[in-house]
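# Residue-level structure breakdown
In case you want the letters, here they are:
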Amino acid sequence: MDNSKVLEEYGKYVNTDAAPSAPGRVASDLSRFDRRRSVQRAVQADPDAHPAQRRREEAPTRSRLSLGLLLMYCLIAGLAVLLISNYMNLTILTEDLSKLNVQLEELQNEEIILQKKFDERYILNDIETYAVNNLGMVKLESNMIEYIELSNPDTITMITPYQEDKVAGLFRQIGEKLRDFLEFLA
């Protein structure tokens, strides 16, 4: 029997023109469930006569993942990683800050204790009394001041162990000035 005759005969019993995906209809193309070998061979031999197979082949293929979508996912993942790392850094810095605040309070308490001990130990009246009574010292009066004049004033001379060349001396001076400036800013 010829393939076209088999399909023609099969078309009498089954509506092959109706779209199986049409709303409210049950799939009417039952040729793939037909167990007769002649029908199966006819469908495989003439795919244009079989509407369901034609619709499957005509469906446009979509790319699974576009480049823009991939970049967007990478950007979102990067931002999530950045956000998590910033929260981790914030947590670490907050913990360090609380430790430093506790240490500051301890040092301030220690300063208060040491200042009290210092004040108790070195009261000026007690020192003066000790100097007068035990060491035989007296309070300075204006008639006790004696000025001494020197014939040769004191001078200071610095001796350098090596002679610097002018360029190295210039860089050393620039470095010292820069260090002094940075210490001033700090």
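As a starting point, this report considers the structure included with it. (Residues numbered from 1 in each chain as written. Predicted model: local features only at pLDDT ≥ 70, side-chain atom pairs only at ≥ 80, totals over all residues. Heavy atoms only, no water.)

## Digging into the overall build of the protein chain
Cut-off, in case you're wondering: Only runs of H or I of at least four residues qualify as helices and only runs of E of at least two qualify as strands under DSSP, and these elements are numbered from the N terminus. For accessible areas, the Shrake-Rupley method is used with a probe of radius 1.4 Å. Any residue's cover is judged against the shown protein chains and nothing else.
Secondary structure summary: the protein chain contains six helices and zero strands in total. Taken from N to C terminus, the helices and strands of the protein chain fall in the order α-α-α-α-α-α. For the protein chain, the accessible surface area stands at approximately 17,900 Å², while carbon and sulfur atoms represent 58% of it.

## Remarks on a nonpolar patch on the surface
Rule in force here: Surface patches are drawn from residues lacking salt bridges whose relative accessible area is over 30%; two like charges belong together within 9 Å, two nonpolar side chains (Val, Leu, Ile, Met, Phe, Trp, Tyr) within 5 Å. Salt bridge, as used here, is a side-chain nitrogen of Lys or Arg placed within 4 Å of a carboxyl oxygen of Asp or Glu. Note on classification: 1.4 Å probe, protein chains only; a residue is buried when its accessible area is under 20% of the maximum for its type, exposed when over 50%, partly exposed between these limits.
A surface patch of nonpolar side chains, amounting to about 710 Å² of accessible area, comprises Leu65, Leu67, Leu70, Leu71, Met72, Tyr73 and Ile76. Look at tyrosine 73 and you get partly exposed, because its relative accessible area is 47%.

## Considering the pattern of salt bridges
It is possible for side chains bearing opposite charge to pair when their charged atoms get close. One pass over the full model with this rule turns up two salt bridges. A salt bridge links lysine 99 to glutamate 95; its shortest N-O distance comes to 3.5 Å. On the criterion of helical spacing, the pair formed by lysine 99 and glutamate 95 is a turn pair, its members being four residues apart in helix α4 (residues 67-121). The exposure class assigned to glutamate 95 is partly exposed, which follows from its relative accessible area of 42%. Note that glutamate 176 is salt-bridged to arginine 172, the shortest N-O span being 3.0 Å. Of this pair, glutamate 176 and arginine 172 both sit in helix α6 (residues 166-185), four residues apart, roughly one helical turn. Judged by relative accessible area, which is 31%, glutamate 176 ranks as partly exposed.

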